[in-house]
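Here is how the chains run, residue by residue.
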Amino acid sequence: MLFGRKKRQIVRLLVVEDEPLVAFDAEHFLSDADYEVVATVDRVVEAIAVLEAQSVDLVLVDVNLADGSGLDVARAARDQGIPVMFVTGAFPPEAAPLASGVLSKPYAARDLLAAIAAIEEERGGRTPRRLPPGFQLFQPAG
């Protein structure tokens, strides 16, 4: 197919968010955009259990969770080679080495989708054409 869409490398997402409305909205518009949300959880321990049991292409995680820090989830994902995008209103600079990028809350649905696309482009060795408002892409370590 000459003008068809490129096959996505990031399809299966884990959403880690303890604000129920934010989690519901994210899951809804990610599903509408043909992403597979393997799980939406609100606790560190649940997120780590999903990472150990399921195939995940990208973790979307808030920094502040009810039972701890999203940084712990990011470390567990990094140890498995799974990229992480923080989605948070309070991003600590020390978290940058753990993530592919960060999207500031509040955000529009199109900005979340564009941020995921930018991470996919970067991981594919391409420079993203544009970054959505409130999104920062980090250079891979190494």
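The preceding data block contains the structure.
To keep things clear, this report deals only with the structure shown in the data block.

### A look at the packing of aromatic side chains
1) Next: For the structure on display, the rule yields two aromatic pairs.
2) Next: The interplanar angle of 20 degrees and the centroid separation of 5.7 Å between the aromatic rings of Phe91 and Phe138 together place this pair among those described as stacked. A residue pair is termed long-range when its members are at least 10 positions apart, and Phe91 in the loop between strand S6 (84–88) and strand S7 (101–104) and Phe138 in the segment after strand S8 (135–137) qualify at 47 residues.
3) Next: What links up through ring pairs into an aromatic cluster is the set Phe86, Phe91 and Phe138.

### A word on the sheet that holds strand S2 (residues 36–41)
1) Next: Taken in spatial order, the six strands line up as S2-S1-S3-S6-S7-S8 in an open sheet, and their pairing is mixed. A single partner strand is all that each edge strand has here, and the edge strands are S2 and S8. Here the average twist between neighbouring strands, direction ignored, is 15 degrees.
2) Next: Where helix H1 (residues 20–32) meets the sheet, its contacts fall on strand S1 (12–16), S2 and strand S3 (58–61), and the angle it forms with S2 comes to roughly 175 degrees.
3) Next: The strands touched by helix H4 (residues 109–123) are S1, S3, S6, S7 and S8; relative to S8, the strand with the most contacts, the crossing angle is about 5 degrees.

### Considerations on the pattern of salt bridges
1) Next: Summed over all chains, the structure comprises five salt bridges.
2) Next: In this structure, the salt-bridge partner of Lys105 is Glu17, at a minimum N-O distance of 2.7 Å. With Lys105 in the loop between S7 and H4 and Glu17 in the loop between S1 and H1, the pair connects residues that are 88 residues apart, well separated along the chain.
3) Next: The shortest N-O distance in the salt bridge between Arg78 and Asp79 comes to 3.9 Å.

### Details of the packing of H1 against H4
1) Next: Put simply, H1 and H4 touch, their axes get as near as 10 Å, and they point 65 degrees apart. In this structure, H1 crosses over H4, and the sense of that crossing is right-handed. Across from Ala26, Phe29 and Leu30 in H1, the residues of H4 making contact are Ala109, Leu112, Leu113 and Ile116.
2) Next: Across the contact of H1 with H4, the residue classes tally to seven nonpolar, no polar and no charged.

The rules behind these values
Residues numbered from 1 in each chain as written. Predicted model: local features only at pLDDT ≥ 70, side-chain atom pairs only at ≥ 80, totals over all residues. Heavy atoms only, no water. Phe/Tyr/Trp six-rings, centres within 6.5 Å; stacked < 30°, edge-to-face > 60°. Helix = DSSP H or I, 4+ residues; strand = E, 2+ residues; numbered from the N terminus. Pairing = 2+ DSSP bridges. Axes fitted to C-alpha atoms, helices over the stretch in contact; angles between N-to-C directions. Contact = heavy atoms within 4.5 Å. Salt bridge = Lys/Arg side-chain N within 4 Å of Asp/Glu carboxyl O. Left-handed = near helix turned anticlockwise from the far one by under 90°. Nonpolar A, V, L, I, M, F, W, Y, C, P; charged D, E, K, R; others polar.

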